[in-house]
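# Residue-level structural notes
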Amino acid sequence: MKVIVLGATSAIAETAARLYAGEGSELLLAARHRERLDAIAADLRLRGAVRVETAVCDLSAAGAAAAFAAFVARLGGVDHVLLAYGILGDQQAGEQDLERAETTLQVNFTSAARWILAAAEMLQRQGHGSLVVLGSVAGDRGRRANYIYGAAKAGLATLVEGIAHRFGNSGPRAVIVKPGPVITPMTEGFANRRGLLWATPGTVAAVVRRAAARGGPVVYAPWFWRWIMLVIRLLPASVFNRLDL
Amino acid sequence: MTRFVPSDDILSWGRVLRARHDVARPRWRDELPALVREGAGGGRKLLGIGLRRSYGDSGLNPDGAVIDMAGIDRAITFDPAARRFRAEAGMSFDAVLRLLVPRGFFLPVTPGTRFVTLGGAVANDVHGKNHHRTGTFGRWVRGLGLVRSDGREIELTPDDETGLFAATIGGLGLTGLIAWVEIELMPLASAMMEVETIPFGGLDEFFALAEESDAAFDYTVAWVDCLAAGEALGRGLFSRARHAASGPLAVGARRGPALPIDFPAFALNPMTVRAFNRLYYGLGRRKAGRTTVPYDRFFYPLDGIGGWNRMYGRRGLYQYQSVVPPAAARDAIKAMLAAVSASGEGSFLAVLKTFGDRPSPGMLSFPRPGTTLALDFPNRGASTLALFVRLDAIVREAGGRLYPAKDGRITAEMFRAGYPDWGDFARHVDPAFSSRFWRRVAEGEAG
């Protein structure tokens, strides 16, 4: 198995990469921080990865996605692509400062969309492979706490669903995985991250790995978020807008 | 922005003390110097923590800061020819074994759970059922990285002459933050263990079995029915084992189901504990003999039940683990078992083991030649603590001491009597680091 991980230093991506390593996969890891990438690469090799390549780059930079074909060439092919980078952004600051809002949208949606479209083209051409993108339940309905981030994730979901539709039954697969809140550095400031609604990176990574192998184009992590978000989407605005979610 | 978030869910394995901590959960070694600086800012005390398998308060730092190292858990280097393995301090023994067993290597020393971190194993200088052969974990540490609050990142090896390496082995995390650990490994021919279980009727039989078995078996340990009284006092099951000479190198089973809730307080009462002990002894007698089992069944029987400590209910449990020197061992162990039996404070897990004479490099290391007895008790408040005071007197009289990783209540006096070199150790403690245990025993702070 040849796997490209975009945003490999994210906690969920690293844990998913460990699952791939345990299967004896070949991985290409892309992220900004060289030292951290090297630490992950050494670890994955010892955990069983047959080969680990690293690419130090700012994935959100304009034009970065042009490197996708080179990544595939370095790995000598690709079976799975996991896109896992993103930033939560500061919702309140983004409401005042449009530059900051734009950064949240650019990193989470615009830049990611270029990688996703590049990967989709590659998978379509070769006729097989899986593209797994990390979305969020925040994209299912806009909430005042994080709707800028949520809008970007909603955009990703629509994009990936569209690609899954484009692939149809021709072979390749595209999946958007929507985790609920996860105990990762992204949510570090949140007090008391525990209880049934908080997942660990390990739980989400297992869902990601499974989603790459089989299942539909929209997957929640853990599964129960599908039903929670269904209820939340169905709430009439008159009720929803009074809730402090 | 602060990396330390107030939290009230940091508990030790005993779950007796509930307190507030400011918690940081880093994922990268390069974050540690800045985190240590921030954690120690404004006179706040700091402590590194791992998977929280210490029972008492040596891994707690109430109203201070803790750095949860469990997210810094990567393998760094492995050299099969030199039998060396280096990994980040938050890596668990479970993860280490998954990596190394298929490659034909094993941990030279392992405690009774594989859910401890490398850093925790160093900080508590853990021991295993092979102590009589291999000594403590600290004997196998070939290097470690320590982040001190003065901003230094120090690499320490056993030939360190400053004393900081010796202080860090068994140093309860007080000498700084352990960032990575390098150990020497043991070659392994098979993941299977050849185990022999032998019932014994009393302590004299235990000591005879231990003496005979320690010479011929890598691993020895005994379970004692500590509620048996009179004639049956000190009866139990002796278990001795070695790695099979050939066989598969398969990794052990995954973790089983976890206890989802705290058991109610009445679940463990003198009657159920007595019944359990009788049943366990009876079953063990019937199943006695030789078997071959996967290593995890032999080393980690309790890991099969995630969160078994919740069986003890919301008030939690205490473990009382002592070691007494060989000359006094028979009388002291007998006296302790008699005191437990008379108190009616039942213990599910009473474990007896003889320690060998291989010295640990650690200044504050618990194991010493003699016999160790570990007892688990549900926390019933004053009556449980009163029993411990009686046990303390026996241990002290025998010239023994208690294991800090298990302790949440001994007096400063009792600690200092057991660890006469504690003053030398204290000179190596990082001024920004502390724990509730340390404040109790070194600074005399009341519990």
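One structure accompanies this document, and this report is about it. Counting from 1, residues in each chain are numbered in the order their sequence is written. Working convention: letters from A go to chains and numbers from 1 go to ligands, in the order in which they are written. For this predicted model, a pLDDT threshold of at least 70 governs which residues receive local features, and a threshold of 80 or more governs which side-chain atom pairs are given and counted, while totals over whole chains, interfaces and linings are taken from all residues. In computing side-chain properties, one takes all heavy atoms of the structure into account and sets aside hydrogens as well as water.

### So, the overall build of chain A
When you go through chain A residue by residue, the secondary structure sums to nine helices and seven strands. Seen along its three principal axes, the alpha-carbon backbone of chain A occupies a region of about 55 × 40 × 35 Å. When accessible area is computed with a 1.4 Å probe and restricted to protein chains, residues below 20% of their type maximum are described as buried, those above 50% as exposed, and intermediate ones as partly exposed. Looking at chain A as a whole, 52% of its 245 residues qualify as buried. It only takes one pair of heavy atoms within 4.5 Å for two residues to be counted as in contact. For chain A, contacts bridging at least 24 residues in sequence account for 71% of all contacts bridging at least 6. To be clear on the numbers: accessible area is Shrake-Rupley with a 1.4 Å probe, and residue cover counts the displayed protein chains and nothing else. Accessible surface, chain A: about 10900 Å² in total, of which carbon and sulfur atoms supply 57%. Helix and strand assignments come from DSSP, with helices taken as H or I runs of at least 4 residues and strands as E runs of at least 2, each series counted from the N terminus.

### Looking at the nonpolar core
By nonpolar core is meant a set of buried Ala, Val, Leu, Ile, Met, Phe, Trp, Tyr and Cys residues that side-chain atoms within 4.5 Å join together. Core analysis: the biggest nonpolar cluster contains 126 residues, and F85(B), F137(B) and L391(B) have the highest contact counts within it. Among all residues touching F137(B), those that are not within four sequence positions of it are F93(B), L107(B), V109(B), L118(B), A121(B), V122(B), D125(B), V126(B) and I183(B). Judged by nonpolar contacts, the second largest core, of 43 residues, contains A55(A), A65(A), V218(A) and W225(A).

### Things to note about the pairing of strand β4 (residues 65-68) of chain B
All names here are of chain B. Side chains of β4 alternate between two faces, with A65 and I67 and V66 and D68 buried alike. Paired strands are those between which DSSP finds at least two bridges. Taken together, the three bridges between strand β2 (residues 21-24) and β4 define a ladder with parallel strand orientation. Paired with A24 across the two strands is I67, which belongs to β4. In terms of strand pairing, strand β3 (residues 46-49) meets β4 through four bridges, oriented parallel. Residue pairing across strands places G48 opposite I67, the latter belonging to β4.

### Observations concerning the packing of aromatic side chains
Each aromatic ring pair is characterised by the separation of its centres together with the angle its planes make. All names here are of chain B. Note on aromatic pairs: the rings of Phe, Tyr and Trp (six-membered ring only in Trp) are paired at centre separations within 6.5 Å, and the planes decide the class, stacked below 30 degrees, edge-to-face beyond 60, tilted for the rest. Scanning the model with the defined rule gives 29 aromatic pairs over all chains in all. On the numbers, 5.4 Å between centres and 35 degrees between planes, the contact of F106 with F299 is tilted. With a gap of 193 residues between them, F106 in strand β7 (residues 105-106) and F299 in helix α8 (residues 295-299) connect regions that are remote in the sequence. The same class applies to F106 and to F299, which are both buried.

### A look at the sheet that holds strand β13 (residues 219-224) of chain B
All names here are of chain B. Spatial ordering of the open sheet is given by β15-β12-β14-β13-β17-β18-β16-β19, a layout of eight strands whose pairing is antiparallel. Unpaired on one side and paired on the other, β15 (289-294) and β19 (401-402) mark the two borders of the sheet. As paired strands, strand β16 (residues 317-324) and strand β18 (residues 370-378) are joined by eight bridges and run antiparallel to one another. Residue pairing across strands places L317 opposite P378, the latter belonging to β18. To obtain each axis, a line is fitted to C-alpha atoms, and for helices this fit is confined to the stretch in contact; angles are then taken between N-to-C directions over 0 to 180 degrees. Across the sheet, helix α7 (residues 270-287) is in contact with β12 (192-200), β13, β14 (236-243) and β15; its angle to β14 comes to roughly 50 degrees.

### Examining the interface of chain A and chain B
At the interface, 24 residues of chain A touch 20 residues of chain B. Two parts placed together each lose some accessible area under a 1.4 Å probe, and the buried area is that loss summed for both. Buried surface at the junction of chain A and chain B, both sides included, amounts to about 1800 Å², of which 47% is carbon and sulfur. For salt bridges, the criterion is a side-chain nitrogen of Lys or Arg within 4 Å of an Asp or Glu carboxyl oxygen. Inspection of the region where chain A meets chain B yields five salt bridges. The residue R27(B) makes a salt bridge to E14(A) at a minimum N-O spacing of 2.9 Å. Two N or O atoms count as a polar contact when they lie within 3.5 Å, although within protein this holds only if one can serve as hydrogen donor and the other as acceptor, and sequence-adjacent residues are included solely when both atoms are side-chain atoms. The interface formed by chain A and chain B contains nine residue pairs in polar contact (both at pLDDT 80 or more). For the side of chain A that touches chain B, the secondary-structure elements that each account for two or more residues are α1 (11-22) and α2 (34-46) of chain A. With eight residues, the single largest contributor to the side of chain A that touches chain B is α2(A). Think of it as three bins: nonpolar holds Ala, Val, Leu, Ile, Met, Phe, Trp, Tyr, Cys and Pro, charged holds Asp, Glu, Lys and Arg, and polar takes everything else, Gly as well. For the side of chain A that touches chain B, the class distribution of residues is eight nonpolar, six polar and 10 charged.

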